[in-house]
Each structure stands twice: as structure tokens, then as C-alpha cells.
Amino acid sequence: MLLRRRLLRTSLPLLAFTACTGATFGERFAGEDTYLEPNDFHETDDGREVGLGSIGVDPLTEQSFVVQEVRTRDDDGELLDERKTLFAVPPDASAPSGSVDLSHLSDLRILFPGDEVVVLGEQDGADNLGFLDAHTLQVRDTLPAHEGARYHGTRLSPSKKYLAVCDNNQDPCPIHLVDLETRTTEIIPHDGFWLEAMWLKHSDTLVAVIFYADREETDEDETRARVLSFPMEDVQACGFALDAGTWCGRALDVELPGAAPDWLFSFTWLGVAPGDGVVAVPVLLGGEHVVALLSTEDGSVRTVQDAAGPVGFTPDGSTVVSYRYRREEVPCDEDEQAEHPELCPRTETTPQLALIDVEDLTVATIDLPTIEAPEFFVTRSGNLVVVADAWASGRLVLADLDQGTAVPMRGPDVNLTELVSRAEANELWVADDGLFRVDLLGGEVTQVAPGLTPMVINGLPQHSRLVMDDGEGRALVFVDPDTQQESARAVLPLPSAAAGS
């Protein structure tokens, strides 16, 4: 196989996002809202550049969807022409079943609400929602974003009827609620300076946290957060009316005095327990990282100090997986004391997993001495956590929560940016300029099919297949994870070169 030179044209915002610590956002699965923009490009034989974005998979048909972008530049590297094509590829197919030209759109992503797919794309600073046939990609309907909104951070409700999404054309960013059946949009009203929201896993209930800051006109400390839940059936029944600064029909409305949003590497991202009984809200309280645990049954809130987010939950929902940093002073030896007394004693920092018992809030810790900035994945079966270093590829660490141990895994260095979990086989599959199998029982990482160099991956559970890019931007490759062999390859045709380029 001819391996083409990889061109690193990753945007700064993407680099910042992928460097975050805490629970990883790298898991890919069928039905997930998928950001489609390519960022990994390769040279073509005719001097152009080609790249593929992340792969979305329809959970009903298990068709794969990917955007191929082809760029033409002049001798000075200036962009002359840019073509984007969205392809639909059936499982184990050798060619796409449909395609559509999306060259006029940017910031592309795809959603899977039912028997059609929805593609969001930005044009002239505003988004449009395109409702497409899931096989042919023929456009059935379009919906301009409400009031020229530019959408980021899509979240589809469990029933797939509602889309919650942030309008980045406004500051602070308001969250729009789009009813994909009626094609109507409501904006979540609030009187704070920031709002985060997340759906529960098993009901169309949107949980939100609103943050408030001190008011300059008063001397009182008004820093606080307000955690609310909006069952869509109740909110819709009361007509989305304004009540106490936000929507009517709230099931929960709880104050967190003194709470402020957490930013940057640890940040406020609402974590939802597998059974929906608890929502974890990472915040700053008195300048310290705190995780607030909200009961969705009675609205009670309990807080855990020195715990950072985003967090994960063990499969049974009994434990919140967070992280913290243990700091201790270490005496200097005689030479260090003589040469640099101002640096003595030294402070050593060791990252730790912080395992919060949901029932009694006791916290067990596991040291991660080979990790600087922990990014982790909580496995879907068993009490295991796979930890990577968020700064760069390195040896994965396997933490056993029952044993309280963390052991570096054998094998190549990889990251957790693009992964598929196969819980029934106790394994992860990782795309990281190569295809890697992570054996959770054996504690080993092995490279599979060395001729493949994918950067993106997804899974087709009904067909027992993995789908990934070919490492060249020219095809989707299907791999049977049981035999560890390539089962099919769908070649994606390049568009014709633009006239005069």
C-alpha cells in the first residue's frame, strides 16, 4: 500500500479540546452525534490534499457517513479550491451508496434522529439543518437555524425528537431547543452569565446548570449556581412560559451557593449516571475543584472536595470516577540544599484517580505515577479504567478499581482520542496513526494490520465490524475484530480538479 505523506493542518481549537483532562470524549459508537470536519490531510498524486473526518454510524442501518475534503493550493500554499463531499457507505461495501456536495458549508456534523439523517453546516456565519435520505443523501428538507444562529455542541435527546445546541453567535452562548418533528425552536431563558446542559440517558429531561456572578451594584457575594431539570413533556405542557427567570415545568431547581464554572483542563461538563439517578456537576467552590452530586429523585445535593471533571461512572452507577493531584514536600539532599536552597524542599505532584462512592461519598484514590495529565475511559463492563496522558501518546495505564492498582499496559504507546469499546470482548480498539487492540484482561496493547494507519474509527455492533479511514483519505476500511482481518474497503472517488487550478 502506498502511504501518502500526512499533512498536519489541525486547528488550534481542536488541539485545545483534545488536550482536556478527565473523562475522555474519544469514544465513538453508532448513533453518536458526530463532528465531520477533516483535520488530517494527505498529498494526492495530482498535487492536491485529501482528508477524511470522523465517521458517523446510523444505529438503525449501520451505514457509515464520512466527509472527504479535497484542497488545491498554489505554489505559495494559498488555498485555491476546496471541495467537501459527504458519502454514505453500507456495511462491508466496496463503494458508497450515495453522496452529496457540501463544499458550501463549514463546521459540519451529523445526527441520527430516525429514518433520515440531519446534517448541520454553517454558511455565511449561520447554520442550516439539512434533513437527508439516509441511503441516497438526497435532501428532503432544510431548516435555517433560528435567528441566524451558529450552532456548536449538539446533544440529541434519548427519544431523538429534540436537539439541544449552543448558539455561538451570542455571548453568553444561549442554548436552543430544536423540535426535529415540528421544526420549531425554543431558547432556554435564563438570567445568569453561563449555562451548561445535558440530557438524561433514558428520558427527554434536560438537566441544566446556570451560573450567576457578583453584581457590581451590590456589596453582597452573589456567586452561585442553579441546577435545574426540564422534563420536556411538562415544559411543553405549560407552553415554555417564563417562570422565575427560566422555563416553567421544572422538576428540580436547586441552588449551589458560591459555585462558579470550572474552565480549561478540568471543566464543567454534566455527567449522568447510567440509571439517571445522579447527575455530577463539576464546579469551582472557593477556588477549589468540587464535584456536586445531584439526586434526580429528591433534588438533594452533596459535594465532594478536591475532585475535578469531567467525570465518569462505573457501569453499575455506584462510583463516580474523578481525578485529583496529590502534592507532597520532599526533602533535598545535601548537594541540592547547597546549590539551590530556595528550591528546597521540593514539591512533587502525583495525579490520582478519585473514586467517589455515590452512597456514602467516601473517596478512594489510585496513584498514577507515570501520568502527568490524566485522561481516562471507564470501561462498560467490570471495574476498570484505562488512563492515557492528555498531553501526548504514551503507555496506557490500566486501573483496577476493585484491587486499587494502576499498572502500565504492555505494548505500543497510544492515546484515547478515537476509540471503540467492545465490552463483550473486554477490549478497546484505538485509531492512532495505526489500528490497535487494547486487551483489558491481558493488560496489553497490540497493533493490528500494520499496513493500516487510521486516525478515525467507529463500530458496527450488529455486523460485528469496525470501520475506519485508510490512512490516505481515499477509502473507508471495514475490519472484522474477531479475525482481525480487513473484510471490505469502500473507495471514495475524488472530485474532478477545478478548472484553472
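For the structure itself, consult the block above.
Bear in mind that the values here come from a model prediction, so they are computed numbers and not experimental data.

1. Re the packing of aromatic side chains
Enumeration over the complete set of coordinates arrives at 10 aromatic pairs. Centre to centre, the rings of Phe240 and Trp247 are 5.3 Å apart; their planes meet at 65°, and the pair counts as edge-to-face. On the basis of relative accessibility, which here comes to 1%, the residue Trp247 falls in the buried class. When the ring of Phe267 is compared with that of Trp269, the centres are 6.4 Å apart and the planes differ by 85°; the resulting orientation is edge-to-face. Look at Trp269 and you get partly exposed, because its relative accessible area is 25%.

2. Thoughts on the sheet that holds strand β38 (residues 427-431)
One open sheet accounts for 4 strands, arranged β37-β38-β39-β40; its pairing is antiparallel. Every other strand in the sheet has two partners, leaving β37 (419-422) and β40 (444-448) as the edge strands with one partner each. On average, each strand axis in the sheet is inclined to that of its neighbour by 20°, with strand direction left out of account. Relative to β40, strand β39 (residues 435-439) runs antiparallel, the two sharing 5 bridges. Each bridged residue has a counterpart across the sheet, and for Asp439 the counterpart in β40 is Glu444.

3. Some points on the state of the cysteines
Applying the stated criterion to the full structure yields 3 disulfides. Disulfide pairing places Cys166 opposite Cys173 at an S-S distance of 1.3 Å. Between Cys166 and Cys173 the disulfide shows an S-S torsion of about 130°. By sign, it is right-handed. Both residues of the pair, Cys166 and Cys173, count as buried.

4. As for the nonpolar core
If you look at the biggest cluster of nonpolar residues, it comprises 19 residues, and the most contacted ones within it are Val209, Leu270, Val279 and Val281. Counting residues per element, the ones that place at least two in this core are β19 (205-212), β20 (224-231), β23 (252-257), β26 (278-285) and β27 (288-295). If we skip the residues at most four places from it in the chain, Val281 touches Val209, Thr268, Leu270, Val290, Val291 and Ala292. Of all hydrophobic cores here, the second largest spans 18 residues; its members include Ala164, Leu228, Met232 and Val235.

5. Considerations on the pairing of β39
β39 sits mainly inside the fold: 5 of its 5 residues count as buried. The side-chain alternation of β39 yields two buried faces, one formed by Leu435, Arg437 and Asp439 and the other by Phe436 and Val438. Bridging between β38 and β39 involves 5 bridges; their strand directions are antiparallel. By the bridge assignment for β39, Leu428 is matched with Val438. Hairpin connection, β39 to β40: the antiparallel pair is bridged by 4 residues, and Gly443 has positive phi, about 65°.

6. Comments concerning empty space enclosed by the protein
Tallied over the full model, the rule gives 1 cavity of 30 Å³ or more. Taken as a whole, the largest cavity encloses approximately 40 Å³ of empty space. Around the largest cavity sit Asp40, His42, Leu52, Met455, Val456, Asp469 and Gly473, which together line it.

7. Things to note about the layout of surface pockets
Reported here for the second largest pocket is a volume of approximately 260 Å³. Surrounding the second largest pocket, 16 residues form its lining, Val420, Ser421, Arg422, Gly459 and Pro461 being those nearest its centre. Counting only elements with at least two residues in the lining of the second largest pocket, the list comes to β37, β41 (457-460) and β42 (465-469). Of all the elements, β37 adds the most residues to the lining of the second largest pocket, at 3 residues. Looking at the lining of the second largest pocket residue by residue, the classes come out as 7 nonpolar, 3 polar and 6 charged.

8. Digging into unusual backbone geometry
Of note, the bond from Gly309 into Pro310 is cis; its omega dihedral lies within 30 degrees of zero at 0°. Relative to the elements of secondary structure, Pro310 occurs in strand β29 (residues 308-313). Omega for the bond connecting Cys344 with Pro345 falls within 30 degrees of zero, at -5°, which places this linkage in the cis form. Tracing the backbone shows Pro345 in the loop between α3 (334-339) and β31 (346-357).

9. Considering the sheet that holds strand β32 (residues 363-367)
Adjacent strands of a sheet form backbone hydrogen bonds with each other and so pair up, either parallel or antiparallel. Spatial strand order, β29-β30-β31-β32: 4 strands in an open sheet with antiparallel pairing. Strands with a single pairing partner mark the edges of an open sheet, and in this sheet they are β29 and β32. Here the average twist between neighbouring strands, direction ignored, is 35°. Bridge count for strand β30 (residues 319-330) against β31 is 12 bridges, and the pairing is antiparallel. Counterpart to Arg326 in the pairing with β31 is Thr350.

10. Examining the environment of Leu60
Mapped onto the elements of the fold, Leu60 is located in the loop between β6 (56-57) and β7 (64-73). For the pair Leu60 and Gly31, spaced 29 residues apart in sequence, the C-alpha to C-alpha distance is 8.2 Å. Those residues in contact with Leu60, other than ones at most four positions away along the chain, are Gly114, Asp115 and Gln462.

11. Here we look at a negative patch on the surface
A grouping of Asp333, Glu334, Asp335 and Glu339 is seen on the molecular surface, where their side chains present a negatively charged patch. For Asp333, the location among the structural elements is in the loop between β30 and α3.

12. Looking at the side chain of Thr246
Residue position: Thr246 is located in strand β22 (residues 246-247). By relative accessible area, which is 0% here, Thr246 ends up buried. Polar contacts involving the side chain of Thr246 include one to the main-chain carbonyl oxygen of Pro189, which spans 2.8 Å. If we skip the residues at most four places from it in the chain, Thr246 touches Ile188, Pro189, Arg226, Leu228, Phe230 and Ala241.

Parameters and conventions
- Residues numbered from 1 in each chain as written.
- Predicted model: local features only at pLDDT ≥ 70, side-chain atom pairs only at ≥ 80, totals over all residues.
- Heavy atoms only, no water.
- Phe/Tyr/Trp six-rings, centres within 6.5 Å; stacked < 30°, edge-to-face > 60°.
- Buried < 20%, exposed > 50% of the residue type's maximum accessible area, 1.4 Å probe, protein only.
- Pairing = 2+ DSSP bridges.
- Helix = DSSP H or I, 4+ residues; strand = E, 2+ residues; numbered from the N terminus.
- Axes fitted to C-alpha atoms, helices over the stretch in contact; angles between N-to-C directions.
- Disulfide = S-S within 2.5 Å.
- Core = buried A, V, L, I, M, F, W, Y, C linked by side-chain atoms within 4.5 Å.
- Contact = heavy atoms within 4.5 Å.
- 1 Å grid on protein atoms, 1.4 Å probe; cavity = no way out; pocket = protein on both sides within 12 Å on 5 of 7 lines; lining within 4 Å.
- Points joined across faces, edges and corners; volume = space filled by probe spheres on them.
- Nonpolar A, V, L, I, M, F, W, Y, C, P; charged D, E, K, R; others polar.
- Patch = residues over 30% accessible without salt bridge, like charges linked within 9 Å, V, L, I, M, F, W, Y side chains within 5 Å.
- Areas by Shrake-Rupley, 256 points an atom, 1.4 Å probe, with all protein chains shown as cover.
- Salt bridge = Lys/Arg side-chain N within 4 Å of Asp/Glu carboxyl O.
- Lys, Arg positive; Asp, Glu negative; His and termini not counted.
- Charge placed at Lys NZ, Arg CZ, Asp CG, Glu CD.
- Polar contact = N/O pair within 3.5 Å; in protein donor to acceptor, adjacent residues only side chain to side chain.

Function cannot be read off these values alone, since they describe shape.
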